[in-house]
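Reading the structure
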Amino acid sequence: WAARRSGPRCKKQQGKGNSSMTNTEQTVCRNIRECRRVCRRTQEDLALKADVSVSHLSKIERGLSSPTVRTLERLAQAMQVPIEAFFRGADVTES
């Protein structure tokens, strides 16, 4: 047991989301989840249509990973929404 504990440890996520994310990133992640739900899509269905893994989509929606612009484009296209929909309510003056 002691030998196993000496290796690297996984950090447990506490609370919701990633505290190092900006408000804009958090808003985008929340909006992706909301758009998916409004479109009545499962994570599995959306991930398949957007060519991203289910685990990555889940991490994005929970605010544990920031999507790339390419991923945002794929998600928007798969849900047939403008990419701007993910940024609604975001603070565009954030620095």
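Use the structure listed above.
I will try to describe carefully the structure that is included in this document. Worth saying up front: this structure is predicted, and the values here are computed from it rather than measured.

1. A closer look at the overall build of the protein
Counting its regular elements, the protein contains five helices and zero strands. Element order for the protein, N to C, with α for helix and β for strand: α-α-α-α-α. Burial status across the protein gives 33% buried among its 95 residues. By sequence separation, contacts in the protein at least 24 residues apart represent 63% of the contacts at least 6 residues apart.

2. Regarding the environment of Cys39
On the secondary structure map, Cys39 appears in the loop between helix H2 (23-38) and helix H3 (43-50). Residues Cys39 and Val81, spaced 42 residues apart in sequence, show a C-alpha to C-alpha distance of 9.4 Å. Cys39 has contacts with Met79 and Val81, leaving out every residue within four places of it along the chain.

3. Let's talk about the packing of H2 against helix H4 (residues 54-61)
Here H2 crosses H4 at 120°, and the two axes come no closer than 7 Å. The pairing of H2 with H4 is recorded here as oblique in orientation. Contacts from Cys29, Ile32, Arg33 and Arg36 of H2 reach H4 at Leu57, Ile60 and Glu61. Of the residues in the contact of H2 with H4, the class split is four nonpolar, no polar and three charged.

4. Structural notes on the nonpolar core
If you look at the biggest cluster of nonpolar residues, it comprises 18 residues, and the most contacted ones within it are Ile32, Leu46, Leu57, Leu75, Met79 and Phe86. Contributions of two or more residues to this core are made by H2, H3, H4 and helix H5 (69-79). Leu75 has contacts with Ile32, Leu46, Ala50, Leu57 and Phe86, leaving out every residue within four places of it along the chain.

5. Looking at the pattern of salt bridges
A full pass over the atoms with the stated rule returns four salt bridges. Glu61 is paired through a salt bridge with Arg33; the nearest N and O atoms lie 3.3 Å apart. Pair noted here: Glu61 is in helix H4 and Arg33 is in helix H2, with a separation of 28 residues, a long-range link. For Arg33, a relative accessible area of 21% puts it in the partly exposed group. The closest approach of N and O atoms between Glu61 and Arg36, which form a salt bridge, is 2.6 Å. Remark: Arg36 occurs in helix H2 and Glu61 occurs in helix H4; sequence separation between them is 25 residues.

Cut-offs applied
Residues numbered from 1 in each chain as written. Predicted model: local features only at pLDDT ≥ 70, side-chain atom pairs only at ≥ 80, totals over all residues. Heavy atoms only, no water. Helix = DSSP H or I, 4+ residues; strand = E, 2+ residues; numbered from the N terminus. Buried < 20%, exposed > 50% of the residue type's maximum accessible area, 1.4 Å probe, protein only. Contact = heavy atoms within 4.5 Å. Axes fitted to C-alpha atoms, helices over the stretch in contact; angles between N-to-C directions. Parallel < 35°, antiparallel > 145°, perpendicular 65-115°, else oblique. Nonpolar A, V, L, I, M, F, W, Y, C, P; charged D, E, K, R; others polar. Core = buried A, V, L, I, M, F, W, Y, C linked by side-chain atoms within 4.5 Å. Salt bridge = Lys/Arg side-chain N within 4 Å of Asp/Glu carboxyl O.

Keep in mind these values describe shape, not function.
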